[in-house]
Amino acid sequence: MKRSLLYSLCIAVLFASCKKDDDYIFDRSPDERINEVLAEYQSTLVNAPHGWRGMIAPSGAQGGVFSFYFKFNNENRVEMFSDFDSLSSVTPMESSYRLKALQQPSLIFDTYSYVHVLADPDARQNGGAWGVGLGSDFEFAIEGIVGDTMKLIGRFNRSRAYLVKATQQEAQDYYDKKYGARTFDNFSKYLNYFKRIVTPEREYQVRVNQAAHSIHIEWVDGNDNLRKDTIGYTYTADGIAFVPAFYDGVRTITGLTEMTWDEASKKLSFKVNGAASHIVGTGTPIKPDPDAARRWWQTMVTNDEYWLSWEGFHKDGIDDYFGITQLHEYGFLMFWPKYGTSGGITYDLMAPVKFDGAQLYLEYGHAFRQPNFTDDGRAIFTWLGTLGAVTPADSAAVHGTRLQLMEAQGYYLVQTGPMVYDMVNAKDGLAWVTWEPFP
């Protein structure tokens, strides 16, 4: 009896182990099921009657976002526009795409296109970082469809992306080149460091990164507290849209509409929630940091180190206004608080540091007394004298830089990173220099 039972068990195990591999829990194989899913996505992409509006938020764009228009067909070709620049906004580009199962269904743009520009490792193509561009993607895992929206995420850099079915009017606007105006690009013509959106209710200080399509916003709330936020923006037919919508604690602003540019007065005007508004340039921050100037100076006193600037002063819209980078064997511009003592006076030193191919060296420099730090956060510099002899060939750039630092109203210090400061002329905000520590 025991032998018979054991024999029966062995037969059962043998039959179980010989069960055919294509006996699945579901009525189709995994390959068949994934191909069906891919076919459904293909049908969805192709059969959107007016194409798709797309948005890609590159992981390296610091909150920036770029908009697209896509029209997919069944031959694995896609026609697209992009608001990356003025040309891509009005010039359709055709590329190839495919849907493939890569751990999960994925949409791949597999020939170079406007999508690839954001990920191009050549920083000259997108204003990003060398080697990574804006940290974007051109292969996207499909996370699903909700209503008319397909959600995607980049497979390498985890960039967020969305496709939303376009309306007939939205599609027509692209082909009618209505996105070509890009009036907001005139923002770069404001030469002041500080710019503000002025609305009937409130003013907002804005710093725009046009390469990354992001806007850093600062404002003062009802309790006199400085508030900050960073949002992305995309171009529309008559202005820009904020992505996500901006909320200041009281009201929501979805974008700037009905935008116009007056070349004569250099004024950008638009509507905010239907109210006439505009942008102004100024030399004063919306709420100065009263400790920033002293903090900037004291940091290097404490560390017994110095600040450097690679390009010297930007002024009137011109980088390296005084041409200091053109000095013979120029390395960088240095500002060293409490560098030395002369006649019982401890002085700071501003000087071009030079490099002869083997080592850094100082040839001359300008000594300044310790800055006068004002209650509203400015540093005012007083010249003490010159150390060494400025060569005639260097004179214009070096003395121009010295005189710029000596402007009577002084400078606001704006901390833009853990150890990075912009020093902005308080007279009109038309001149500034960026300081960072030695690498």
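If you're wondering where the values come from, they're calculated on a predicted model, not measured in any experiment.

### Focus: the overall build of the protein chain
When you go through the protein chain residue by residue, the secondary structure sums to eight helices and 28 strands. The C-alpha atoms of the protein chain give 30 Å as radius of gyration, which overshoots the globular expectation for 439 residues (22 Å, by more than 25%). Counting only C-alpha atoms, the protein chain reaches 110 × 65 × 45 Å along its principal axes. Counting over 439 residues, the protein chain shows a buried share of 46%. Sequence separation of 24 or more characterises 49% of the internal contacts of the protein chain that already satisfy a separation of 6 or more. Approximately 21,900 Å² of the protein chain is accessible, and the part contributed by carbon and sulfur atoms is 52%. For the protein chain, the distance from the average site of its 41 positive side-chain charges to the average site of its 54 negative ones is 4 Å.

### Considering the pattern of salt bridges
On inspection of all chains with the given rule, the structure shows 22 salt bridges. Here Glu139 and Arg155 are joined by a salt bridge, their closest N and O atoms 2.9 Å apart. Taken as a pair, Glu139 in strand β6 (residues 139–146) and Arg155 in the loop between β7 (149–154) and β8 (160–165) lie far apart in primary sequence, 16 residues in all. A salt bridge links Arg160 to Glu143; the nearest nitrogen and oxygen atoms lie 2.8 Å apart.

### Thoughts on helix α7 (residues 292–303)
The end-to-end C-alpha distance of α7 is 17 Å, a good match for the 16 Å that 12 residues give at a rise of 1.5 Å each. Within α7, burial applies to Ala292, Ala293, Trp296, Trp297, Thr299 and Met300. For α7, the angular spread of buried residues about the axis comes to 145°, placing them on one side. Just downstream of α7 lies Asp304, where phi reads positive at about 50°.

### Re a nonpolar patch on the surface
Nonpolar side chains collect at one region of the surface, where Phe355, Leu360 and Phe438 lie side by side and expose about 270 Å² of accessible area between them. By secondary structure assignment, the location of Phe355 is in strand β20 (residues 345–355).

### With respect to the confidence of the model for the protein chain
Predicted confidence across the protein chain gives a mean pLDDT of 92, with 93% of residues reaching 70 or more. Low pLDDT (under 50) marks residues 1–20, which in the prediction has zero contacts with non-local residues, meaning those over four places away or in another chain.

### Here we look at the sheet that holds strand β10 (residues 203–209)
Pairing in this closed barrel of eight strands is antiparallel, and the strands run β9-β10-β11-β12-β13-β14-β15-β16 around the ring. Taken pair by pair, the neighbouring strands of this sheet meet at an average axis angle of 30°, ignoring direction. Pairing analysis gives four bridges linking strand β13 (residues 240–247) to strand β14 (residues 252–262), with the strands arranged antiparallel. The partner of Phe246 across the bridge, within β14, is Ile253.

### Some details on unusual backbone geometry
The linkage connecting Val243 with the following residue, Pro244, adopts the cis geometry, with an omega of 0°. With respect to the secondary-structure elements, Pro244 resides in strand β13. In this structure, Gln62 is a non-glycine residue whose phi angle is positive, near 55°. Position of Gln62 among the secondary structure elements: in the loop between β1 (52–57) and β2 (66–72).

### As for the sheet that holds β6
Within a sheet, adjacent strands bond to each other through the backbone by hydrogen bonds, running parallel or antiparallel. Overall, antiparallel pairing links the eight strands, which are arranged β1-β2-β3-β4-β5-β6-β7-β8 in a closed barrel. On average, adjacent strands in this sheet sit at an angle of 35° to one another, irrespective of strand direction. Here five bridges tie β2 to strand β3 (residues 77–82), and the two strands are oriented antiparallel to one another. Each bridged residue has a counterpart across the sheet, and for Phe72 the counterpart in β3 is Val78.

### Some details on the environment of Glu311
Here Glu311 shows up in the loop between β17 (307–309) and β18 (314–315). When the C-alpha positions of Glu311 and Gly331 are compared, they lie 9.5 Å apart, and in sequence the two are 20 residues distant.

### Comments concerning the packing of aromatic side chains
By the definition in use, this model includes 41 aromatic pairs. Look at Phe194 and Tyr412: their rings are 6.5 Å apart centre to centre, the planes differ by 85°, and that puts the pair in the edge-to-face class. Residue Phe194 is located in strand β9 (residues 194–198), and its partner Tyr412 is located in strand β26 (residues 411–417); the two are separated by 218 residues in the primary sequence. Across the pair, exposure class does not vary: Phe194 and Tyr412 are buried alike. Measuring from ring centre to ring centre gives 6.3 Å for Trp296 and Phe381, while their planes differ by 85°; the resulting arrangement is edge-to-face. Remark: Phe381 occurs in the loop between β24 (378–380) and β25 (383–387) and Trp296 occurs in helix α7; sequence separation between them is 85 residues. Classification of Trp296 by relative accessible area gives buried; the value is 0%. Members of the aromatic cluster, joined through ring pairs, are Trp296, Trp307, Phe313, Tyr321, Phe322, Phe335, Phe381, Tyr411, Tyr421 and Trp435. The ring of Phe156 carries the charged tip of Arg155 above its face, separated from the ring centre by 5.5 Å.

Thresholds applied
Residue indices follow the written sequence of each chain, beginning from 1 at its first position. This being a predicted model, a pLDDT of at least 70 is required before a residue's local features are given, and a value of 80 or more before pairs of side-chain atoms are given or counted; all residues contribute to the totals for chains, interfaces and linings. To obtain the side-chain values, all non-hydrogen atoms of the structure were used and water was disregarded. Helix and strand definitions here come from DSSP, where helices need a minimum of 4 consecutive H or I residues and strands a minimum of 2 consecutive E residues; each element is numbered from the N-terminal end. Put simply, the radius of gyration uses C-alpha atoms, and a globule should come to 2.2 Å times the residue count raised to 0.38. Relative accessibility thresholds used throughout: buried, under 20% of the residue-type maximum; exposed, over 50%; partly exposed, between the two (1.4 Å probe, protein chains only). Any pair of residues with heavy atoms lying within 4.5 Å of one another is described as a contacting pair. Each accessible area is a Shrake-Rupley result for a 1.4 Å probe, and residues are judged covered by the shown protein chains and nothing else. By the counting rule applied here, Lys and Arg register as positive and Asp and Glu as negative, while His and the ends of each chain are not counted. Working definition for charges: the position is that of NZ of Lys, CZ of Arg, CG of Asp or CD of Glu. What makes a salt bridge here is a side-chain nitrogen of Lys or Arg within 4 Å of a carboxyl oxygen of Asp or Glu, nothing more. By this rule, a helix spans an expected 1.5 Å times one less than how many residues it contains. Along the arc lie the directions from the helix axis toward the C-beta atoms. Without a salt bridge and with relative accessible area above 30%, a residue can belong to a patch; like charges are then joined within 9 Å and nonpolar side chains (Val, Leu, Ile, Met, Phe, Trp, Tyr) within 5 Å. Every residue gets a pLDDT, meaning the predictor's confidence in that residue, from 0 to 100. Two strands are said to pair when DSSP picks up at least two bridges between them. Fitting a line to C-alpha atoms yields each axis, with helices limited to the stretch in contact; the angle taken between N-to-C directions then spans 0 to 180 degrees. We call Phe, Tyr and Trp rings a pair once their centres come within 6.5 Å, taking the six-membered ring for Trp, and we label the pair stacked below 30 degrees between planes, edge-to-face above 60, and tilted otherwise. In this scheme, the term charge over a ring applies when either NZ of a lysine or CZ of an arginine sits within 6 Å of the ring centre and within 35 degrees of the ring normal.

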